[in-house]
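Residue-level listing of the chains:
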Amino acid sequence: MTNFTQFIRLFEEYNFHTNLMSKNDVQKLAEKHIPDSLAIEAFFGKYKEPENLLDIGTGGGFPAIPIAIEHSNIKVFALDSIAKKIKFIKVAKENLHLENLTPICTRIEDFDKKEFFDVATSRAVADLSVILEYSAPFIKQGGYFVAYKSKTADEELILAENAIKILGLKFVEKIDVSKTEDENRCLLIFKKIKPTPKKYPRPNNAARKQPL
């Protein structure tokens, strides 16, 4: 049994008593959520695998767990504020023997590892301007943020122009990772080119209430 087969079985069993994802989505783990999480390999192939990676708003562990399974040399930090989701990631870490996976239960505004990570990721968490504020402070200078996006990517990029400048980032490129013509899946790649002002991310959910 491969680690991904074990992971799917574990997820299904856990989701039965603790709602991590809708039943319809659970049925798409193998065909959608795991391959989509591993789309970051298109970024690794063009740049390089990082020593560490922070997945912000990881939910049930996407993309954190598939990355940790497939890339045991990367130290993957899976962050979410919802305790039941982080509890599952701890169960997955133990059962799948993922020594390179670190679950973290906290709000991103309370996280203390600023300017620490080589790469940060986020999938299906928030609009781009919001997630840029959540991620940029924790990426070291010269590191990257990889946003998993779909058909709204170009529109979100335009709306996030101010946030990109303020947070010390530079948009590098959009990598198409669609498996079919109608998927519109892509990775938006940003490089950290200067320190992010220390006041970010702002407290009290300000990033969502008043996007940059």
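The structure we're discussing is the one just above.
Heads up: these notes are all about the structure in this document. (Residues numbered from 1 in each chain as written. Predicted model: local features only at pLDDT ≥ 70, side-chain atom pairs only at ≥ 80, totals over all residues. Heavy atoms only, no water.)

Considering the environment of A206
With respect to the secondary-structure elements, A206 resides in helix 10 (residues 206-209). Given the relative accessible area of 13%, A206 is considered buried. (Helix = DSSP H or I, 4+ residues; strand = E, 2+ residues; numbered from the N terminus. Buried < 20%, exposed > 50% of the residue type's maximum accessible area, 1.4 Å probe, protein only.)

Points about unusual backbone geometry
A cis amide bond, omega 10°, links F62 with the succeeding residue P63. Of note, P63 is situated in the loop between strand 1 (52-56) and helix 5 (64-70). The residue after Y200, namely P201, is reached through a cis peptide bond having omega -5°. Mapped onto the elements, P201 comes out in the loop between strand 7 (186-192) and helix 10. Despite not being glycine, H97 shows a phi value in the positive range, around 55°. Examined against the element boundaries, H97 turns out to sit in the loop between helix 6 (83-96) and strand 3 (101-105). Backbone geometry at E115 places phi at a positive 55°, although glycine is not the residue there.

Overview of the nonpolar core
Soluble globular proteins: nonpolar side chains tend toward being buried together. Grouped together as the largest cluster of nonpolar side chains are 41 residues, with contacts concentrated most on F7, F11, F43, I65, F88 and L101. For this core, the secondary-structure elements that each account for two or more residues are helix 1 (3-17), helix 3 (29-37), helix 4 (41-46), helix 5, strand 2 (75-80), helix 6, strand 5 (139-149) and strand 7. Sort the elements by how many residues they give to this core and helix 1 lands first, with 6 residues. The contact partners of F88, leaving out residues within four places of it in the chain, are F7, L10, F11, Y14, L20, G60 and I65. Residues L128, A136, A147 and Y200 belong to the second largest nonpolar core, which totals 33 residues. (Core = buried A, V, L, I, M, F, W, Y, C linked by side-chain atoms within 4.5 Å. Contact = heavy atoms within 4.5 Å.)

Observations concerning helix 1
End to end, helix 1 covers 22 Å across 15 residues, agreeing with the expected 21 Å (1.5 Å per residue, within 8%). Those residues of helix 1 that sit buried are F4, F7, I8, L10, F11, Y14 and N15. Burial along helix 1 is one-sided: seen end-on, the buried residues are contained in an arc of 170°. Those residues of helix 1 that are exposed and aimed more than 90 degrees away from the buried face are F16 and H17. Elements that come into contact with the buried residues of helix 1 comprise helix 2 (23-26), helix 3, helix 5 and helix 6. (Expected span 1.5 Å × (residues − 1). Arc of directions from axis to C-beta.)

Things to note about the packing of aromatic side chains
Centre-to-centre distance and the angle between the planes together describe a pair of aromatic rings. Counted under the stated rule, the structure contains 17 aromatic pairs. Look at F43 and F44: their rings are 6.0 Å apart centre to centre, the planes differ by 55°, and that puts the pair in the tilted class. Across this residue pair, the class does not change: F43 and F44 are buried. Cluster of aromatic residues (ring-pair linked, three or more members): F7, F11, Y14, F62 and F88. Lying over the aromatic face of F116, K113 brings its terminal NZ or CZ to 4.8 Å of the ring centre. (Phe/Tyr/Trp six-rings, centres within 6.5 Å; stacked < 30°, edge-to-face > 60°. Lys NZ or Arg CZ within 6 Å of the ring centre and 35° of its normal.)

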